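The lines below spell out each chain.
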Amino acid sequence: MTTTIVKTISIAKDFSETPGPRARDEGDFSGDEFLEDLLRPAFVEAKEHGATLTIDLDGTEGYATSFLESAFGGLAREFDSAEILKVIVFKSDDEPFLVNEIKGYITDARKK
Amino acid sequence: MNRFRSAPYIVGAAIAVLCCLVFWSADTGLAGFSINHDIDPINLATLGVNIFIAFFLQYYFAARATDDRAEKDILIDNVRDVFNMLRSCRDEVNACHSVGKISRESQKKIIKLYRNLSNGLDNLQTAIEMSECKKLGRESEAIGERFYKYKAAATGKFPHPYDPSDIGYQDQTYRALNKELHSLAFRINQYR
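For every chain, the first residue of the written sequence is number 1, and numbering continues from 1 along that sequence. Chains carry letters and ligands carry numbers; both start at the beginning, A for chains and 1 for ligands, and go up in the order they are written. Totals for whole chains, interfaces and linings use every residue, but because this is a predicted model, local features are given only for residues with pLDDT of at least 70 and side-chain atom pairs only at 80 or more, for both listing and counting. Only hydrogens and water are set aside; all other atoms, that is, all heavy atoms of the structure, feed into the side-chain values.

Asks: In this structure, what is going on with the interface of chain A and chain B? I would like to understand it.
Replies: The parts lose accessible area when they come together, and the size of an interface is often stated as this lost area. By definition in these notes, contact holds between two residues if any of their heavy atoms fall within 4.5 Å. In this assembly, 22 residues from chain A lie in contact with 21 residues from chain B. Think of a salt bridge as a Lys or Arg side-chain nitrogen and an Asp or Glu carboxyl oxygen that are within 4 Å of each other. If you look at where chain A meets chain B, you find 3 salt bridges. Lys151(B) is the partner of Glu101(A) in a salt bridge, and the nearest nitrogen-oxygen pair spans 3.2 Å. We call two N or O atoms a polar contact when they sit within 3.5 Å, provided that within protein one can donate a hydrogen and the other can accept it, with sequence-adjacent residues counted only if both atoms are side-chain atoms. At the surface where chain A touches chain B, the tally comes to 12 residue pairs in polar contact (both at pLDDT 80 or more). Each helix is a run of DSSP H or I of at least 4 residues and each strand a run of E of at least 2, with the numbering of both proceeding from the N terminus. Elements that contribute at least two residues to the side of chain A that touches chain B include exactly α3 (65-78) and α5 (97-108) of chain A. Sorting elements by how many residues they give to the side of chain A that touches chain B places α5(A) first, with 5 residues.

Asks: Looking at this structure, how should I read the pairing of strand β2 (residues 52-56) of chain A?
Replies: In regular strands, side chains alternate between the two faces of the sheet. All names here are of chain A. A 1.4 Å probe rolled over the protein chains alone gives each residue an accessible area, and that area as a share of the maximum for its type sets the label: buried under 20%, exposed over 50%, partly exposed in between. Of all 5 residues making up β2, 5 are buried, and the element is well covered by its neighbours. On β2, burial covers both faces: Thr52, Thr54 and Asp56 on one face and Leu53 and Ile55 on the other are all buried. Sheet analysis places strand β1 (residues 6-10) next to β2, joined by 5 bridges and oriented parallel. When the sheet's bridge partners are listed, Thr8 is paired in β2 with Thr54. Pairing of β2 with strand β3 (residues 88-91), which is carried by 4 bridges, proceeds in the parallel orientation. By the bridge assignment, Asp56 is partnered in β3 with Lys91. For two strands to count as paired, DSSP must find a minimum of two bridges between them.

Asks: Please clarify how the confidence of the model for chain B should be interpreted in this entry.
Replies: Residue and element names in this part refer to chain B. pLDDT runs from 0 to 100 and stands for how confident the predictor is about each residue. In the predicted model, chain B carries a mean pLDDT of 89, and the fraction of residues at 70 or more is 97%. At the level of individual helices and strands, chain B shows its lowest average pLDDT in helix α1 (residues 2-5), which scores 55, and its highest in helix α6 (residues 164-190), which scores 95. The complex model carries a pTM of 0.80, and its ipTM stands at 0.91.

Asks: Hey, could you run me through α5(A) in this one?
Replies: Residues lying three or four places apart along an α-helix face the same way, a consequence of the helix completing one turn every 3.6 residues. By this rule the span expected of a helix is its residue count minus one, scaled by 1.5 Å. The end-to-end C-alpha distance of α5(A) is 17 Å, a good match for the 16 Å that 12 residues give at a rise of 1.5 Å each. By the burial criterion, the buried members of α5(A) are Phe97(A), Leu98(A), Val99(A), Glu101(A), Ile102(A), Gly104(A), Tyr105(A) and Ile106(A). At its buried positions, α5(A) is contacted by α3, α4 (81-87) and β3 of chain A together with α4 (104-130) and α5 (137-155) of chain B.

Asks: For this particular structure, what's the right way to read the pattern of salt bridges?
Replies: Should the charged atoms of two oppositely charged side chains come close, the side chains can pair. Evaluated as defined, the whole model comprises 19 salt bridges over all chains. The partner of Glu83(A) in a salt bridge is Lys47(A), and the shortest N-O contact between them spans 3.9 Å. Placement of the pair is Glu83(A) in helix α4 and Lys47(A) in helix α2 (residues 31-48), with a sequence separation of 36 residues. The class for Glu83(A) is partly exposed, based on a relative accessible area of 30%. Classification of Lys47(A) as partly exposed rests on a relative accessible area of 31%. Between Glu180(B) and Arg146(B) there is a salt bridge whose closest N-O contact spans 3.5 Å. One end of the pair, Glu180(B), is in helix α6; the other, Arg146(B), is in helix α5, and 34 residues separate them in sequence. Since its relative accessible area comes to 18%, Glu180(B) is described here as buried. Counted as one network, the salt bridges with shared partners bring together Asp56(A), Asp58(A), Lys91(A) and Asp93(A).

Below you can see the structure in the form of structure tokens.
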């Protein structure tokens, strides 16, 4: 019997309710900070264990494109886009359009 | 308004009075009228078909046309809401065009407005999928793509100020989204 371990990152609870800009030197709670401190380690762990990583996007004041592109596009520049979309599940009840927006940054990242 | 609503009853009553007059004239032989008391099955069938068509048109097509119009009005109201949200986004972003650095407060406000716009588009998409115009749902996906580009043009460089090329790109993406929304509103209105 196989067990799918599910890990969840709530951006509002585990990172910040006010996600910031793209780079660390541009302000607090940047996309780069989220990528390096939370997203990448959790993704690598989930990938190694064949687990699912759920990213809960609810509870924040909203996301600038700079943050989303830096965090999720940044992950896609390091790992395979298809693999990311297989491992990560997005949850956004506050703003359902965010999920497709982020998936767009993941699939477009390699083209840059 | 009430006069117009009662018009069918007045017309119906006038037709009934006219019929009574014609039958009475025919029965009494007035003004050269005459009446044949035999029942013609073909004429009877024609009368039945005519009455059926009249009722069918009245109760089925008229009711359906009213429902379709009401549905379209709801969808067009949703599109109107989205237009208002889109204009709010444009105005707030335009207000930041001449500033040296986009303040944290302005960033928050812009992000909130784009979230409202995003949710307005989501509501519109949901309403279209629930309506008889559900085939237009696929076209609203194109609107989603335009929205992502417009949001990226406005929030992709936070907190750096907008340069002339950013402003140009914002205008382009705004116009593209605005055009898609106008097109959707017209397609909803004309949908059959």
